[in-house]
Amino acid sequence: MVQNKLKLLSVALLAATLSSGCTFIGEHKFTGGGTMASAGGDKNAVFTFNAENCGGDEVKGRVNYVDHSAIDFEDVGGVSLKAQVDNFGYCALTDEGLENGVQECNCMDQFEAQFSYSSKNPQAPGEGTGFVCFFDTGEGKGNFHGAITAFNLIDGPYEGYGNVGTVNGNIQQHSCPETNEAE
Amino acid sequence: MFNKTLLTVLVATAFSAQAELVEGTDMLAGKTARVIFEYHQGNKAELIAAIEAAGGEVKRQLDHDNAVAAVVNADTFKQLQAKGVMKSAEIDAVRQVIPSAVSANEFQDIAPYGLAMVQADQLNYAGGIKVCVVDTGYDLGHPDLPSTTVTGDDEGAGPWYQDGHGHGTHVAGTIAAIDGNGGVTGVLGSGMAELHIVRVFDDEGGFVYASDLAGAVADCANAGAKVVSMSLGGAFSSKVEARAFARLERAGVLAIAAAGNDGNATHSYPASYDSVVSVAAVDKDMQHAEFSQRTSQIELAAPGVDTYSTFPGGGNAWMSGTSMATPHVSGVAALVWSHFPHCNNYEIRNALSASAKDLGDAGYDYKYGNGLVQAKAAYDHLMVNSCNGKGVK
């Protein structure tokens with residue numbers, strides 16, 4: 001238990017060192033899905049997601065992620081989860097973040113979604129949190145291979161799971177719906 | 001120590017400068033990224049003209065793959081998309097020297113423990129198998145290293161026969177340091193190793209792109225190398241680079257690369273391509289090194305903790321990393337192959353795996369792969385099983 005707390009603390013300190021002052025900027029909406037290399041395994045990880053932060057307080061989105069051959073979770077049949085997006089946006093170092101010592105996000109100059117997940121694998125039940133960082137042109141035709149630069153599960157049944165990789169799939173950026181001033 | 005810090009830094013350095021292609025932010029202005037563009041057969045000139053007309057800069061032409069690598073900004077990229085001149089595009093992934101802990105030492109006569117561990121002391125090098133080292137260069141003139149049997153290519157990072165960093169010279173020494181002259185000895189030290197050096201990294205270690213590495217290994221093949229040793233890697237695969245290594249394999253070359261030092265369970269490339277042998281590190285007690293990455297692509301293990309080898313300036317140094325394990329396997333491959341020159345690369349690769357000393361869990365495992373590479377055992381395996389030059393994966 002103490003070890004776990006120390007691990008979380010060290011991860012938090014590391015993240016703070018690298019991304020202190022980073023905050024989410026802008027309004028964004030993405031949908032997509034695809035595959036990437038497994039976390040050490042011989043099969044691909046598969047994912048689908050949608051994420052929207054179009055102003056106001058509401059952030060919406062879902063993530064489904066499966067990595068059946070993740071070698072550190074082989075004994076429970078791999079990683080399988082569904083998640084709700086809690087925060088999403090383009091993560092950038094901002095003057096406001098620096099002045100206030102804020103650290104909203106981990107991956108500078110990339111899109112990031114922070115989420116709460118539920119395991120779909122009965123051999124590893126439970127809930128936890130994590131974040132995913134990626135970049136892509138967002139043109140969605142599948143002919144640009146973007147990358148997931150971090151898919152980290154911080155706690156819960158898959159605590160410690162981490163993966164990165166080139167994406168083979170289709171990530172589409174959408175315009176945020178225009179807000180109706182009269183409402 | 002190595003784990004998350006290095007991974008995070010690697011990711012940051014690899015992509016923070018390349019994330020500007022994303023749309024929807026004002027932070028894009030003036031920023032560029034290096035991208036590999038594939039073109040349809042016959043459309044190379046059209047694509048290059050379009051890139052240049054849109055303000056991009058072509059950095060490398062990959063004719064075998066119908067692709068070019070270019071530095072572009074977001075506007076350039078959009079223009080190219082609009083013109084429809086590209087078949088597909090991917091980020092030109094970063095490839096770095098796999099970092100190694102180093103401590104220098106005064107010149108002294110010492111036999112690295114790794115030689116006996118991989119049975120290099122039980123077999124003499126018979127010659128004729130050139131090894132290509134893609135790294136930070138080579139300290140030509142070092143008293144322990146061959147000089148007359150070494151050639152090289154510069155790939156924009158400085159002269160191949162100089163090494164202000166040390167990584168490449170250390171790797172080369174593990175393969176080729178000459179026996180019997182009072183210094184250290186390499187795996188091929190019983191003979192005069194033939195080396196081809198391709199310098200891709202500068203004196204700071206720096207980084208190169210996947211498209212550069214594809215060009216470097218083509219240099220190796222053009223120089224007649226049969227084994228390519230790469231103590232380098234990066235977290236992101238590249239379609240074009242993967243094709244380059246598959247082509248190298250089909251051309252009869254055995255490519256060997258470091259599994260990575262992040263100590264986690266993620267793939268590193270080129271090591272994790274099917275056409276490349278991925279090498280893990282063990283210590284002097286044949287225990288898995290904590291920093292050595294674990295994956296389903298790990299094929300062989302070799303000594304990589306506190307390994308002693310040549311260092312620029314005529315001295316020697318201890319270094320640790322899968323970078324140090326890799327040249328042990330490269331050297332053993334050449335050592336064994338020199339006795340069976342009629343074997344092809346698949347047969348040598350299969351023999352090294354079949355004869356490896358099983359470590360860790362019984363049979364194949366993710367830390368050691370098939371086990372510790374063994375020169376004499378591989379030789380014996382081929383003496384019994386022979387090969388007909390038609391071997392396949």
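A. Main features of the overall build of chain A. Scanning chain A from terminus to terminus reveals two helices and eleven strands. When the helices and strands of chain A are listed from N to C terminus, the series reads α-β-β-β-β-β-α-β-β-β-β-β-β. Counting every position in chain A, which comprises 183 residues, the buried fraction comes to 50%. In chain A, the proportion of contacts linking residues at least 24 apart, taken out of those at least 6 apart, comes to 58%.

B. Expanded view of the packing of helix α8 (residues 322-337) of chain B against helix α10 (residues 375-385) of chain B. Residue and element names in this part refer to chain B. Direction vectors running N to C along α8 and α10 enclose 35 degrees, while the axes themselves pass 9 Å from each other. Once α8 is placed against α10, the crossing between them reads as right-handed. Contacts between α8 and α10 involve V332, L335 and V336 from the former and A375, A378, Y379 and L382 from the latter.

C. Here's a closer look at the sheet that holds strand β12 (residues 232-233) of chain B. Residue and element names in this part refer to chain B. Read from one edge to the other, the open sheet built from three strands follows the order β10-β5-β12, with strand pairing classed as antiparallel. Because the sheet does not close on itself, it has two edges, and the strands there are β10 (207-209) and β12. Bridging between strand β5 (residues 94-97) and β10 involves three bridges; their strand directions are antiparallel. Across the sheet, the residue bridging to Q96 is F207, located in β10.

D. Structural context of unusual backbone geometry. Residue and element names in this part refer to chain B. With an omega of 20 degrees, the peptide bond running from Y269 to P270 counts as cis. Residue M286 is not a glycine yet carries a positive backbone phi of 65 degrees. Its location among the elements puts M286 in the loop between β14 (276-282) and β15 (298-303).

E. The arrangement of the side chain of T295(B) in detail. Note that T295(B) resides in the loop between β14 and β15. Note on T295(B): relative accessible area 2%, which makes it buried. At 3.3 Å, the side chain of T295(B) and the backbone nitrogen of I298(B) are in polar contact. Beyond its immediate chain neighbours, meaning those up to four positions away, T295(B) contacts G40(A), I71(A), T266(B), H267(B), S272(B), Y364(B) and Y366(B).

F. Focus on a nonpolar patch on the surface. A cluster of nonpolar side chains, L93(A), L98(A) and M108(A), forms an exposed patch at the surface whose accessible area comes to about 250 Å². Structurally, L98(A) can be placed in helix α2 (residues 95-100).

G. Main features of the side chain of S353(B). With respect to the helices, strands and loops of the structure, S353(B) is situated in helix α9 (residues 345-354). Setting aside anything within four residues of it in sequence, one finds S353(B) in contact with E299(B), L300(B) and N370(B).

Parameters and conventions
Residues numbered from 1 in each chain as written. Chains lettered and ligands numbered in written order. Predicted model: local features only at pLDDT ≥ 70, side-chain atom pairs only at ≥ 80, totals over all residues. Heavy atoms only, no water. Helix = DSSP H or I, 4+ residues; strand = E, 2+ residues; numbered from the N terminus. Buried < 20%, exposed > 50% of the residue type's maximum accessible area, 1.4 Å probe, protein only. Contact = heavy atoms within 4.5 Å. Axes fitted to C-alpha atoms, helices over the stretch in contact; angles between N-to-C directions. Left-handed = near helix turned anticlockwise from the far one by under 90°. Pairing = 2+ DSSP bridges. Polar contact = N/O pair within 3.5 Å; in protein donor to acceptor, adjacent residues only side chain to side chain. Patch = residues over 30% accessible without salt bridge, like charges linked within 9 Å, V, L, I, M, F, W, Y side chains within 5 Å. Areas by Shrake-Rupley, 256 points an atom, 1.4 Å probe, with all protein chains shown as cover. Salt bridge = Lys/Arg side-chain N within 4 Å of Asp/Glu carboxyl O.

On their own, these measurements won't tell you what the molecule is for.
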